[in-house]
Amino acid sequence: MRILLVEDDKLLGDGIQAGLMQAGFAVDWVQDGAQGAAALETGSYAAVVLDLGLPILSGLELLRRLRAKSNAVPVLILTARDAIDDRVKGLDSGADDYVVKPFDLDELAARLRALTRRGQGEAASILRVHGLELNPAEHRAQFRGKPVELSAREFSLLHELMLNAGRVLSREQLEQRLYAWGEEVESNAIEVHVHHLRRKLAPELVRTIRGVGYMMPRGTDG
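Numbering of residues starts from 1 in each chain and follows the order in which that chain's sequence is written. Only residues with pLDDT of at least 70 get local features here, since the model is predicted, and only at 80 or more are side-chain atom pairs given and counted; chain-wide, interface and lining totals rely on the full set of residues. Side-chain metrics in this entry use all non-hydrogen atoms of the structure; hydrogen atoms and water are not considered.

Here we look at the environment of A152
Each helix corresponds to a stretch of at least 4 residues labelled H or I by DSSP, and each strand to a stretch of at least 2 residues labelled E; elements are numbered beginning at the N terminus. Take A152: it is sitting in helix α6 (residues 152–163). As for A152 and A23, which are separated by 129 residues in sequence, their C-alpha atoms are 9.6 Å apart.

Observations regarding empty space enclosed by the protein
With a 1 Å grid laid over protein atoms only, a set of points is called a cavity when a 1.4 Å probe fits there but cannot get out and a pocket when it is open yet has protein on both sides within 12 Å along at least five of seven lines; lining residues have an atom within 4 Å of a point. Grid points are joined across faces, edges and corners, and a volume is the space filled by probe spheres set on the points. For the structure on display, the rule yields 1 cavity of 30 Å³ or more. In this structure, the largest cavity is lined by M1, A23, G24, F25, R113, P136, H139, A152, F155, S156 and H159. Among the elements that make up the lining of the largest cavity, the one with the highest residue count is α6 (4 residues). Among the residues forming the lining of the largest cavity, the class breakdown is 6 nonpolar, 4 polar and 1 charged. Residue polarity follows a fixed list, in which Ala, Val, Leu, Ile, Met, Phe, Trp, Tyr, Cys and Pro are nonpolar, Asp, Glu, Lys and Arg are charged, and the others, Gly among them, are polar.

Points about the side chain of T79
Relative to the helices and strands, T79 is located in strand β4 (residues 75–80). Here T79 falls in the buried class, since its relative accessible area comes to 3%. Every residue pair with non-hydrogen atoms within 4.5 Å of one another is taken to be in contact. Sequence-distant contacts of T79, that is, excluding residues within four places in its chain, are made with D86, R87, Y98, V99, V100 and K101. Relative accessible area decides the class of each residue, using a 1.4 Å probe on protein chains only: under 20% of the type maximum gives buried, over 50% gives exposed, and in between gives partly exposed.

Looking at the sheet that holds strand β8 (residues 140–143)
Strand order in the open sheet formed by 4 strands is β6-β7-β8-β9, and the pairing between neighbours is antiparallel. Sheet topology places β6 (127–129) and β9 (146–147) at the edges, where each strand pairs with a single neighbour. Here, a strand pair is defined by DSSP locating no fewer than two bridges between the strands. Bridge analysis of β6 against strand β7 (residues 132–135) gives 3 bridges, and the strand direction is antiparallel. Within β7, the position partnered with V129 by the bridge is L132. Under this scheme, a helix contributes an axis fitted over its contacting stretch, all axes are lines through C-alpha atoms, and angles between N-to-C directions fall in the 0 to 180 degree range. With respect to the sheet, α6 is in contact with β6, β7 and β8, its orientation differing from that of β7 by roughly 115°.

This is how it looks when you write it as structure tokens:
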């Protein structure tokens, strides 16, 4: 899942980006509110991690502008321990959750997973589709009761397809959701990952909709 991090503290931002990437997220990091607004105009994100005390454009103002444009991307705000008023203002302005500094990176990753599940209308923490079982928190996959070894990118692609079961995703959409800025993307990268998933699972689980993209059929039966 691709996350936008808007944080002006370079040390903290670097740590969050590294930690979330280790947890399997693709992370774009900007350091002021204006850059955050520009990124949201052009990029597709599963969620936003937003500091409130930003230069140029405050986190609250960025959040208000985002919601005024009817952009429903889940937003998790970062706030200081004693800033209760900021938490209230953030939630009232459209934030979906918050974490208090200092925070644990594992908790931040778990909250982001929960936000993105809810954003896709999925309540369960473990995804199950057609005999597939995916546990994002533990980075574990099973097919028909047997463990499946997946690369980090294969796991992320499978996660996106399962979250969007029954919907067609274009190659461009998948690239936007799986790769952060600066990551090299081969022209046939998605096709290669799809091929590997079909080989490791079952060919019919990832359908090619010619001229459009890829889709995992909806359903939960094994």
